[in-house]
Amino acid sequence: DTEVTQTPKHLVMGMTNKKSLKCEQHMGHRAMYWYKQKAKKPPELMFVYSYEKLSINESVPSRFSPECPNSSLLNLHLHALQPEDSALYLCASSQDPRTTETQYFGPGTRLLVL
Amino acid sequence: GNSVTQMEGPVTLSEEAFLTINCTYTATGYPSLFWYVQYPGEGLQLLLKATKADDKGSNKGFEATYRKETTSFHLEKGSVQVSDSAVYFCALRRGTSYGKLTFGQGTILTVHP
């Protein structure tokens, strides 16, 4: 099983709202990732968690706050977003970030900020 | 730094036509190479991968061979179907990049009946 699940599938929020995106995998992977993808563009890496610790933050604004409560779960907390943050947010996981093993992606959460 | 260059699209083909999407890369060392596919409204799915020179990845009729001498990983399929219409991303990953995938810009493929 190579499934990464994400909820919700769609999310509409105002600029003053607080919401969270959730990602889950049960493959025993120890690396988890958040990506942002704008239309007709490749995904852009936001955060990397390795063994439940934040390893990489690609200079993401603080209105995005990641959290890894355990090795299977990854959250992305959203607060005071801007309309330009509207995008598809993809979660991925892999065995170990220090190797070149495959990253498996979830279906994404399509976010619209009004 | 690492980079991936894909042929510019979009690519439009008739059903049963032969498909080639070119991908070349720049990286030091020995990266792993991937093709991901993204169907409309969905996330990325791994299509195939190769981890060392001369490896051939294959899946669902698609193939790509890791050519270190030409730094290429071109995607091919002998006979495309309408259901192959999607965006295709070539990507590389180095062990020292701490998980970072470097993507090409993506190629939009449309297959007409």
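Note: the structure precedes this text.
A brief structural summary. (Residues numbered from 1 in each chain as written. Chains lettered and ligands numbered in written order. Predicted model: local features only at pLDDT ≥ 70, side-chain atom pairs only at ≥ 80, totals over all residues. Heavy atoms only, no water.)

## Quick word on the interface of chain B and chain A
For step 1, the next point in the chain: Chain B puts 22 residues into the contact, and the matching count from chain A is 29 residues.
For step 2, the next point in the chain: For the chain B and chain A pair, buried surface summed over both sides reaches about 1,900 Å², with 53% attributable to carbon and sulfur atoms.
For step 3, the next point in the chain: Across the pair B:Lys100 and A:Glu58 runs a salt bridge, and its minimum N-O distance is 3.1 Å.
For step 4, the next point in the chain: Here chain B is connected to chain A by six residue pairs in polar contact (both at pLDDT 80 or more).
For step 5, the next point in the chain: Among the elements of the structure, strand E5 (32-38), strand E6 (44-50), strand E10 (86-93) and strand E11 (101-103) of chain B are those that each provide at least two residues to the side of chain B that touches chain A.
For step 6, the next point in the chain: No other element matches E5(B), which puts four residues into the side of chain B that touches chain A. (Contact = heavy atoms within 4.5 Å. Buried area = accessible area lost by both parts, 1.4 Å probe. Salt bridge = Lys/Arg side-chain N within 4 Å of Asp/Glu carboxyl O. Polar contact = N/O pair within 3.5 Å; in protein donor to acceptor, adjacent residues only side chain to side chain. Helix = DSSP H or I, 4+ residues; strand = E, 2+ residues; numbered from the N terminus.)

## Section: the packing of aromatic side chains
For step 1, the next point in the chain: Scanning all chains against the criterion turns up 11 aromatic pairs over all chains.
For step 2, the next point in the chain: Taking 5.3 Å as the distance between ring centres and 85° as the angle between the ring planes, the aromatic pair formed by A:Phe105 and B:Tyr36 counts as edge-to-face. With one member in each of two chains, A:Phe105 in strand E10 (residues 104-105) and B:Tyr36 in strand E5 form a pair that bridges those chains.
For step 3, the next point in the chain: Judged by centre distance (5.7 Å) and plane angle (40°), the rings of B:Phe62 and B:Tyr88 are tilted. Within this pair, whereas B:Phe62 is found in strand E8 (residues 62-65), its partner B:Tyr88 is found in strand E10, the two being separated by 26 residues in sequence. The two residues B:Phe62 and B:Tyr88 agree in class, both being buried. (Phe/Tyr/Trp six-rings, centres within 6.5 Å; stacked < 30°, edge-to-face > 60°. Buried < 20%, exposed > 50% of the residue type's maximum accessible area, 1.4 Å probe, protein only.)

## A look at the sheet that holds strand E9 (residues 75-77) of chain B
Residue and element names in this part refer to chain B.
For step 1, the next point in the chain: Across the sheet, which stays open at both edges, the four strands sit in the order E3-E9-E8-E7 with antiparallel pairing between neighbours. Every interior strand has two partners, whereas the edge strands, strand E3 (19-21) and strand E7 (56-59), have only one. Taking the axes of each pair of neighbouring strands and ignoring which way they run, one obtains an average angle of 15° across the sheet.
For step 2, the next point in the chain: Pairing of E3 with E9 involves three bridges; the strand directions are antiparallel. Counterpart to Ile21 in the pairing with E9 is Leu75. (Pairing = 2+ DSSP bridges. Axes fitted to C-alpha atoms, helices over the stretch in contact; angles between N-to-C directions.)

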